[in-house]
Amino acid sequence: MVVSDTSSVNYAILIGEIEILQQLYAVIAIPNAVLRELIHPKAPERVRTWIANRPTWLEVHSVAPNLDPTLAQLGCGEREAIILAEFLGVTLLMDERDGRIEARRRGLPLTGLIGALCDAGERGLTDLPQALAKLQQTTFHLSPKLMSKLLMRAKK
């Protein structure tokens, strides 16, 4: 099991790689705030359609309100994902920089969509260069330097 924030699920759906998250982690848990972001009218239609018919391996959890001031600067999805990952004692799948900084500060096991795609590529679950090329067609930010490094790694 892994807890995910919005961006990892969103972009995995957009590039057609959402099933690799299930193959890697069996169960993907998201807090209610992430569900609200994924069904929001401004979310991509493809994401809203997928989430409306979500599979049983995507679990939605309620998270108790938390007044921790160290989480105040984060968005609702990141904040609830960190709280849920701490509560469940599992890895956090998060791409947002400030959220990752806070998760590391709390000692949470952490990865992101790129890490998941790399793991999936190494296990033969996806074609990493193709997945990265699809990701570049979205609004996901990936530096050219990191992209080159990942593609070199995938060739080995």
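Thresholds applied
Along each chain, residues carry numbers from 1 onward, in the same order as the chain's sequence is written. Only residues with pLDDT of at least 70 are given local features in this predicted model, and only at 80 or more are side-chain atom pairs given and counted; all residues enter the totals for whole chains, interfaces and linings. Only hydrogens and water are set aside when side-chain values are computed; all heavy atoms of the structure are taken into account. For every residue, the accessible area (1.4 Å probe, protein chains only) is compared with the maximum for its type, and the residue is labelled buried under 20%, exposed over 50%, or partly exposed between those bounds. By definition, any uninterrupted DSSP run of H or I lasting at least four residues is a helix, any uninterrupted run of E lasting at least two residues is a strand, and each is numbered from the N terminus. Here, the arc refers to the directions that run from the helix axis to the C-beta atoms. Residue contacts are defined here by distance: any two heavy atoms, one from each residue, within 4.5 Å place the two residues in contact. Polar contact is the term for a pair of N or O atoms within 3.5 Å; when the atoms are in protein, one must be able to donate a hydrogen and the other to accept it, and sequence-neighboring residues count only if both atoms are side-chain atoms. Note on aromatic contacts: the rings of Phe and Tyr and the six-membered ring of Trp form a pair at centre separations within 6.5 Å, being stacked when their planes are under 30 degrees apart, edge-to-face when over 60 apart, and tilted otherwise. DSSP bridges decide pairing: two strands pair if at least two such bridges lie between them. For helices, the fitted line uses only the C-alpha atoms of the stretch in contact; every axis is such a line through C-alpha atoms, and the angle between N-to-C directions lies from 0 to 180 degrees. Throughout this description, any angle smaller than 35 degrees is read as roughly parallel, any larger than 145 degrees as roughly antiparallel, any in the 65 to 115 degree range as roughly perpendicular, and the remainder as oblique. Think of it as three bins: nonpolar holds Ala, Val, Leu, Ile, Met, Phe, Trp, Tyr, Cys and Pro, charged holds Asp, Glu, Lys and Arg, and polar takes everything else, Gly as well.

> How should I be thinking about helix α8 (residues 128-136) in this particular structure?
Because each turn of an α-helix spans 3.6 residues, side chains separated by three or four positions end up pointing in the same direction. By the burial criterion, the buried members of α8 are Leu 128, Ala 131, Leu 132 and Leu 135. Projected onto a plane normal to the axis of α8, the buried residues spread over an arc of 95° and lie on a single side. In this structure, the buried residues of α8 make contact with α1 (6-14), α7 (113-122) and α9 (144-155). At the N-terminal boundary of α8, the capping side chain belongs to Asp 127, with an oxygen 3.0 Å from the backbone nitrogen of Gln 130.

> What am I meant to see in the packing of aromatic side chains here?
Each aromatic ring pair is characterised by the separation of its centres together with the angle its planes make. As enumerated under the stated definition, the model contains two aromatic pairs in all. Plain terms: the ring middles of Tyr 11 and Phe 140 are 5.2 Å apart, the flat faces sit at 85° to each other, and that makes the pair edge-to-face. Linking Tyr 11 in helix α1 with Phe 140 in the loop between α8 and α9, this pair joins segments that are 129 residues apart in sequence. The exposure classification of Tyr 11 matches that of Phe 140, with both residues buried. Measuring from centroid to centroid gives 5.9 Å for Trp 50 and Trp 57, while their planes differ by 50°, and the two rings are tilted. Looking at Trp 50, the relative accessible area reads 16%, which means it is buried.

> Please clarify how the environment of Glu 37 should be interpreted in this entry.
One can find Glu 37 in helix α3 (residues 32-39). We classify Glu 37 as partly exposed; its relative accessible area is 30%. On a C-alpha basis, the gap between Glu 37 and Lys 134 in space is 22 Å, while along the polypeptide they are 97 residues apart. In this structure, Glu 37 is in contact with Thr 6, Ala 43, Cys 76 and Gly 77, ignoring residues within four places of it in sequence.

> Sorry, what's going on with the pairing of strand β2 (residues 28-31) here?
Regular strands show a simple pattern: their side chains alternate between the two faces of the sheet. Burial of β2 is two-sided: the residues Ile 28 and Ile 30 facing one way and the residues Ala 29 and Pro 31 facing the other way are all buried. With two bridges connecting them, strand β1 (residues 2-4) and β2 associate as parallel partners. If you follow Val 3 over to β2, its bridge partner there is Ala 29. As paired elements, β2 and strand β3 (residues 58-61) share four bridges and run parallel to each other. In the strand pairing of β3, Ala 29 is matched with Glu 59.

> What is the right way to read the packing of helix α2 (residues 18-25) against α7 from this model?
Relative placement of two packed helices is described by the angle separating their axes and the distance separating the axes. Where α2 meets α7, the axes come as close as 10 Å, and the angle between the chain directions of the two elements is 75°. Overall, the two elements α2 and α7 adopt an arrangement that is roughly perpendicular. Across from Ile 20, Leu 21, Leu 24 and Tyr 25 in α2, the residues of α7 making contact are Ala 116, Leu 117, Asp 119 and Ala 120. A class-by-class count of the residues in the contact of α2 with α7 yields seven nonpolar, no polar and one charged.

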